[in-house]
Amino acid sequence: DRMAQSMIGRAEADGRLKQGDRIVEYTGGSTGASLALVAAAKGYRLKIVSSRAFSEEKLTQMAAFGAELTLVESEGGLITRKVIGDMIAAAKAIAAEPGTYWTDQLNNRDSIAGYHPMGEEIWRQASTMGGGAVDAFVQSIGTAASLNGVAEVLRRHNRRTRIVAVEPGESAVLSGGQSVAHKIEGIGIGVVPPMGNPRIVDEIIPVT
């Protein structure tokens, strides 16, 4: 929700998004549900490109918040590099239409700022419980915005905080492996995310 509000709010502030425009995004549903919530609150129409590779509950939630869904095919109902690429291509085509703003979550650095307050809250709440420091932060990787945003804040408070990225073991591309189909939603897009920052990550752990 923070990330969606940051992407939309910053686009409004600099004129990329204007009242009456439509928003478009490709998503498995986590970002999509948040964008749908913020778009509904602000009065924007939202077009979501997704796939049945992702849970029916997420698709239903996005539609319930008012998003218009376009679903691309996925072989065997699995999350693959191809289905992510097809979703991005479909969103890009829609974005070319007049009066459409593409949030483009994989490349939109406005999303990172949405996680800075979360980093401050984690630090403050951990400090309240004693110790005054966060020794490590572990985050699964989709766009990498959440890891980047929180880690930047934690490292400002404690440069020794250990940052650990998690990815699907079946498709461990961050660890140098091959892109393979998997079923862990919200992470593992099959390529190294454009906003990935290897300098901020101390360790990468593949999980099944």
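Residues numbered from 1 in each chain as written. Predicted model: local features only at pLDDT ≥ 70, side-chain atom pairs only at ≥ 80, totals over all residues. Heavy atoms only, no water.

**Observations regarding the packing of helix H2 (residues 30-42) against helix H3 (residues 56-64)**
Running from N to C, H2 and H3 point in directions that differ by 15°, and their axes come no closer than 8 Å. Looking at the two axes, H2 sits roughly parallel to H3. The chirality of how H2 crosses H3 is left-handed. Between H2 and H3, the residues in contact are Ser-30, Gly-32, Ala-33 and Ala-36 and Lys-58, Gln-61 and Met-62, respectively. Within the contact of H2 with H3, the residues separate by chemical class into 3 nonpolar, 3 polar and 1 charged. (Axes fitted to C-alpha atoms, helices over the stretch in contact; angles between N-to-C directions. Helix = DSSP H or I, 4+ residues; strand = E, 2+ residues; numbered from the N terminus. Parallel < 35°, antiparallel > 145°, perpendicular 65-115°, else oblique. Left-handed = near helix turned anticlockwise from the far one by under 90°. Contact = heavy atoms within 4.5 Å. Nonpolar A, V, L, I, M, F, W, Y, C, P; charged D, E, K, R; others polar.)

**Focus: the sheet that holds strand E7 (residues 203-207)**
Strand order in the open sheet formed by 3 strands is E5-E6-E7, and the pairing between neighbours is parallel. The two strands at the open ends of the sheet, each matched to only one other strand, are strand E5 (136-140) and E7. On average, adjacent strands in this sheet sit at an angle of 25° to one another, irrespective of strand direction. Sheet topology places strand E6 (residues 162-168) next to E7; 5 bridges connect them, and they run parallel. Paired with Ala-165 across the strands is Ile-204, a residue of E7. Those strands touched by helix H7 (residues 145-157) are E5 and E6, and its axis lies near 170° from that of E5. (Pairing = 2+ DSSP bridges.)

**A closer look at the nonpolar core**
Across soluble globular proteins, nonpolar side chains have a tendency to be buried as a group. Ile-8, Leu-17, Ile-23 and Leu-46 are the most contacted members of the largest nonpolar core, which has 36 residues in total. Elements supplying a minimum of two residues to this core: helix H1 (2-13), H2, strand E2 (45-51), H3, helix H6 (116-128), H7 and E6. What Leu-46 contacts, discounting residues up to four positions off in sequence, is Ile-23, Val-24, Gly-32, Leu-35, Ala-36, Ala-39, Gly-66, Ala-67 and Glu-68. By size, the runner-up hydrophobic cluster in this structure holds 15 residues, among which are Phe-54, Ile-84, Met-87 and Ala-95. (Core = buried A, V, L, I, M, F, W, Y, C linked by side-chain atoms within 4.5 Å. Buried < 20%, exposed > 50% of the residue type's maximum accessible area, 1.4 Å probe, protein only.)

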